[in-house]
Amino acid sequence: MDRLANTVRPYAWGSTTALPELLGTAPTGEPQAEMWMGAHPGAPSRIDRGAGPVSLAEVIDADPEAELGPDAVRAFGPRLPFLFKVLAAGSPLSLQVHPDLTQARDGFADEERRGVPIDAAHRNYKDANHKPELIAALTPFDGLCGFRHPAQTADLMEDLGIDELTPYVDILRASPEEAALREVLTAVLSADHHDIAGTVERAAVAAEQLAAKGGPHADAYAAYAVLAHHFPGDPGVLAAMLLNHVQLQPGEALFLGAGIPHAYISGLGVELMANSDNVLRCGLTPKHVDVPELLRVVRFEAGDAGVLRPEEVAGEEVYETPIDEFRLSRFVLAAAGRPRALVSRTPQILLCTAGTVRLRTAEEDPEGTGQTELTLAPGEAAFVRAGEQLTLAGEGTLYRATVIA
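Residues numbered from 1 in each chain as written. Predicted model: local features only at pLDDT ≥ 70, side-chain atom pairs only at ≥ 80, totals over all residues. Heavy atoms only, no water.

Novice: Mind showing me how you'd approach the overall build of the chain here?
Specialist: Counting its secondary structure elements, the chain contains twelve helices and 21 strands. Along the longest, intermediate and shortest principal axes, the C-alpha atoms of the chain span 75 × 50 × 40 Å. Burial analysis of the chain (405 residues in total) assigns 56% to the buried set. Put simply, 77% of the contacts in the chain that link residues at least 6 apart link residues at least 24 apart. (Helix = DSSP H or I, 4+ residues; strand = E, 2+ residues; numbered from the N terminus. Buried < 20%, exposed > 50% of the residue type's maximum accessible area, 1.4 Å probe, protein only. Contact = heavy atoms within 4.5 Å.)

Here it is, written out as structure tokens:
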């Protein structure tokens, strides 16, 4: 196994304090948004097997089957199929959706055929892969996920008392569910930005006032007021009102499948996703919004946000999801507990988020290609090759990212 040296990405929406607090480092005053763990080409982790630091991506490329195992290579090719992150949102991220695998492949091939530069601001598909995601909260975590039932959104919008919202309210009450959601989202995102900005601002003021009064929608109204504060006049604020507002408690999670509109507002969490950069934005961003392509990808299905809680399986708490590129679980270890055995035919990344966790391999490593013992403090992580047998001990919390193959 190998201790990982990881890159922290300084995106503008990042918290200035949450990641430093986890890592036990001094804040720099600059945003620290995401710590990446894995072999993504944008910021691969680094390991040192005695010859100096080297990219984990290079190590995997040199011998995929030894690092990933034949099962994972056969299922997903000679690359680590997931990216593991710690995400620290100090302000809202863009409202977005991700394509399914067929849409990603078709969209990428089309833009390649048309010669759209890979780094063009208006390019939608950076690669040919889908990007399902799972976010598990480490602190209270605020977000938006999936469409609320149209009748409930109609009530919420009507209570704002903004005349310009009345046509949306009428559509949400009168039309079938899918048609209502599609028509209102299309109208909001296709409206003249100058014309709709005033509506957004009036709705934001009303939302802030209603939040202060309390009531069943107070938290949702407060969230919309926050969005409008960070993105004044952005039509994405009205689009966000169509979505479920979610407040995760530590340990709770959301799975974001293809076509599900979502946004993270604030909080610290661990995020696990398929290796892809494909994002279609709906708003809350100065970046390109391709409305026709977005509407082709969005799934106009209403329901609750589907908050996940881990289910215990033989001492391991597993977050069940319907995809194979990744699997997230956690171990909550007690000081007096027995060491836990851990083995997988596929690669793993282990992340400590609280306390201290000790990892020990079942066998010595005569070739010197890894470490046989590691102690992980909060924010520290290790890469474990396929087939490696470990024991876990200590007092703390360990999140485990691996592959189903």
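Novice: Help me out: how do you make sense of helix H8 (residues 177–190) in this one?
Specialist: In an α-helix there are 3.6 residues to a turn, and that puts residues three or four apart on one side. Between the first and last C-alpha of H8 there are 20 Å, a value that for 14 residues agrees with the 20 Å anticipated at 1.5 Å per step. All of the buried residues along H8 are Ala 180, Leu 181, Val 184, Leu 185, Val 188 and Leu 189. Here the buried residues of H8 occupy an arc of 140° about the axis, which is enough to place them on one side. (Expected span 1.5 Å × (residues − 1). Arc of directions from axis to C-beta.)

Novice: Whenever I open this one, the packing of aromatic side chains confuses me. Can you help?
Specialist: Each aromatic ring pair is specified by the distance between its two centres and by the angle formed by the two planes. As enumerated under the stated definition, the model contains three aromatic pairs in all. Where Tyr 11 meets Trp 13, the ring centres are 5.8 Å apart and the plane angle is 35°; that geometry is what we call tilted. Taking relative accessible area as the criterion, Tyr 11 reaches 29% and is therefore assigned partly exposed. Trp 13 sits in the buried class, given a relative accessible area of 15%. For the pair Phe 141 and Tyr 264, a centre-to-centre distance of 5.5 Å together with 75° between the ring planes defines the contact as edge-to-face. Here the residue Phe 141 occupies a position in strand S9 (residues 141–147), and Tyr 264 occupies one in strand S12 (residues 262–274), the gap between them amounting to 123 residues. Tyr 264 shares its class with Phe 141; the two are buried. The ring of Trp 36 has Arg 9 sitting right over it, with the charged end atom 4.5 Å from the ring centre. (Phe/Tyr/Trp six-rings, centres within 6.5 Å; stacked < 30°, edge-to-face > 60°. Lys NZ or Arg CZ within 6 Å of the ring centre and 35° of its normal.)

Novice: Would you mind showing me how to read the nonpolar core here?
Specialist: Residues Phe 147, Leu 160, Tyr 224 and Leu 238 are the most contacted members of the largest nonpolar core, which totals 54 residues. Here the element with the most residues in this core is helix H9 (residues 193–213); it accounts for seven residues. Ranked by size, the runner-up nonpolar core spans 39 residues in total, among them Ile 47, Phe 255, Ile 349 and Leu 351. (Core = buried A, V, L, I, M, F, W, Y, C linked by side-chain atoms within 4.5 Å.)

Novice: When you look at the side chain of Thr 153 in this model, what are you seeing that I'm missing?
Specialist: Along the polypeptide, Thr 153 turns up in helix H6 (residues 150–158). With relative accessibility at 1%, the residue Thr 153 sits in the buried group. Within the structure, Thr 153 has its side chain in polar contact with the side chain of Arg 148 (distance 3.2 Å). Not counting chain neighbours up to four residues away, the residues in contact with Thr 153 comprise Arg 148, Leu 172, Met 241 and Leu 242. (Polar contact = N/O pair within 3.5 Å; in protein donor to acceptor, adjacent residues only side chain to side chain.)

Novice: What exactly am I supposed to notice about the pattern of salt bridges here?
Specialist: If the charged atoms of two oppositely charged side chains come close together, the side chains can form a pair. What the rule picks out here adds up to 22 salt bridges. Taking the shortest distance from any N to any O, the salt bridge between Glu 164 and Arg 202 comes out at 2.6 Å. One end of the pair, Glu 164, is in the loop between H6 and helix H7 (166–174); the other, Arg 202, is in helix H9, with 38 residues separating them in the sequence. Overall, the relative accessible area of 35% leaves Glu 164 in the partly exposed class. You can call Arg 202 partly exposed: its relative accessible area is 40%. It is possible to trace a salt-bridge network through shared partners that takes in Asp 2, Arg 49 and Glu 67. (Salt bridge = Lys/Arg side-chain N within 4 Å of Asp/Glu carboxyl O.)

Novice: Mind showing me how you'd approach the packing of H7 against H8 here?
Specialist: Two elements in contact, H7 and H8, have axes separated by 8 Å at closest approach and are oriented at 160°. Classed by the angle they form, the pair H7 and H8 counts as roughly antiparallel. The handedness of the crossing between H7 and H8 comes out as right-handed. Contacts between H7 and H8 involve Tyr 168, Ile 171 and Leu 172 from the first element and Ala 180, Leu 181, Glu 183, Val 184, Ala 187 and Val 188 from the second. For the contact of H7 with H8, the class distribution of residues is eight nonpolar, no polar and one charged. (Axes fitted to C-alpha atoms, helices over the stretch in contact; angles between N-to-C directions. Parallel < 35°, antiparallel > 145°, perpendicular 65-115°, else oblique. Left-handed = near helix turned anticlockwise from the far one by under 90°. Nonpolar A, V, L, I, M, F, W, Y, C, P; charged D, E, K, R; others polar.)

Novice: Just to check I follow, could you spell out the environment of Met 37 for this structure?
Specialist: Mapped onto the elements, Met 37 comes out in strand S3 (residues 34–37). With 33 residues separating them in the primary sequence, Met 37 and Leu 4 have C-alpha atoms 7.5 Å apart. Not counting chain neighbours up to four residues away, the residues in contact with Met 37 comprise Leu 4, Asn 6, Ser 45, Leu 83, Phe 84, Lys 85, Val 86, Ile 349, Leu 351 and Ala 381.

Novice: What should I look at first to understand the environment of Asp 159 in this one?
Specialist: One can find Asp 159 in the loop between H6 and H7. As for Asp 159 and Val 237, which are separated by 78 residues in sequence, their C-alpha atoms are 16 Å apart. Beyond its immediate stretch of four places on either side in the chain, Asp 159 contacts Leu 210 and Tyr 221.

Novice: So what exactly am I meant to see when it comes to the state of the cysteines here?
Specialist: In a disulfide, the sulfur atoms of two cysteines are held together by a covalent bond. Applying the stated criterion to the full structure yields zero disulfides. Left unpaired, Cys 282 is separated from the closest cysteine sulfur, that of Cys 145, by 12 Å. Using a relative accessible area of 3% as the deciding quantity, one classes Cys 282 as buried. (Disulfide = S-S within 2.5 Å.)

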